[in-house]
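Listed here are the chains, written in short residue letters.
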Amino acid sequence: MKKLIVLIAIVTLFTGAVLAQKQKKADNKETVEFVVTSEKMCSNCVRKVKENIPFEKGVTALDVNQEENTITITFRKDRTSVEKLEEAINKLRLEVAVVSNDTETKSVEGHKH
């Protein structure tokens, strides 16, 4: 009986630690939405974003909406930043504005096909 109680206690502690770790990882994520400001994204631009941005350090999810001209990225804050993601999009030659919770926008240069 004592062994069963010890086993249950160990399993409970382990489960709690795993859940705490998952919560910590979830708390460490942020989602940012970029709006392409230069013009409508072409299919080539969409392809370039989908082929490159998922491989940026810390990126966990990507949504590219050509109709709405948006790029939404979920990322780990301990691995990258909004600024680094802007730079990565800039390298793809897209001009974007960052849409944040406080409605602040920031420009990134140059879109050329």
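Now for a quick tour of the structure. Counting of residues starts from 1 at the beginning of each chain's written sequence and follows it residue by residue. Local features in a predicted model are, by the rule used here, given only for residues with pLDDT of at least 70; side-chain atom pairs are given and counted only at 80 or more, and totals for whole chains, interfaces and linings are based on all residues. Based on all heavy atoms of the structure, the side-chain values leave hydrogens and waters out of the count.

Attention now moves to the pattern of salt bridges. Here a salt bridge means any side-chain nitrogen of Lys or Arg lying within 4 Å of a carboxyl oxygen belonging to Asp or Glu. The tally for this structure, following the rule as stated, stands at two salt bridges. When the shortest N-O distance is used, the salt bridge between R47 and E51 registers 2.9 Å. Within this pair, R47 and its partner E51 are both found in helix α2 (residues 43–52), separated by four residues, close to a single helical turn. Between D78 and R76 there is a salt bridge whose closest N-O contact spans 2.7 Å. A 1.4 Å probe rolled over the protein chains alone gives each residue an accessible area, and that area as a share of the maximum for its type sets the label: buried under 20%, exposed over 50%, partly exposed in between. You can call R76 partly exposed: its relative accessible area is 27%. By definition, any uninterrupted DSSP run of H or I lasting at least four residues is a helix, any uninterrupted run of E lasting at least two residues is a strand, and each is numbered from the N terminus.

Let's shift gears to the pairing of strand β2 (residues 59–65). Here β2 runs beside strand β3 (residues 70–76); their pairing, made up of six bridges, is antiparallel. The residue of β3 that forms the bridge with V59 is F75. We call two strands paired when DSSP finds no fewer than two bridges between them. In textbook terms, the turn of a hairpin is the stretch between consecutive antiparallel strands, and for β2 and β3 this stretch comprises four residues, one of which, N69, has a positive phi near 65°.

Attention now goes to unusual backbone geometry. Positive phi, close to 65°, is recorded for N69, a residue that is not glycine. The topology assignment puts N69 in the loop between β2 and β3. The phi dihedral of R93 is positive, around 65°, even though this residue is not glycine. Here R93 lies in the loop between α3 (82–91) and β4 (96–99).

The sheet contact formed by strand β1 (residues 29–36) and β3 spans seven bridges and is antiparallel. Pairing of T31 across the sheet is with T74, part of β3. Sheet topology places β1 next to β4; four bridges connect them, and they run antiparallel. The residue bridging V36 from the neighbouring strand is V96, located in β4.

Time to look at the environment of V36. Mapped onto the secondary structure, V36 falls in strand β1. Overall, V36 belongs to the buried group, its relative accessible area being 5%. Residues V36 and V98, spaced 62 residues apart in sequence, show a C-alpha to C-alpha distance of 9.0 Å. Contacts between residues were defined by any pair of non-hydrogen atoms, one from each residue, lying within 4.5 Å. Discounting residues that sit within four places of it in the chain, V36 has contacts with M41, N69, I71, E95 and V96.

What tends to happen in soluble globular proteins is that the nonpolar side chains get buried as a cluster. Among the nonpolar cores identified, the biggest contains 22 residues, and V32, F34, I53, I71, I73 and I89 are the most heavily contacted of them. Of all elements in the fold, only β1, α2, β2, β3, α3 and β4 reach the threshold of two or more residues within this core. Tallying contributions element by element places α3 first for this core, with four residues. With residues up to four places along the chain from it excluded, the contact list for V32 reads I71, T72, I73, F75, V82, L85, V98 and V99. Residue types Ala, Val, Leu, Ile, Met, Phe, Trp, Tyr and Cys, when buried and joined through side-chain atoms within 4.5 Å, form a set referred to as a nonpolar core.

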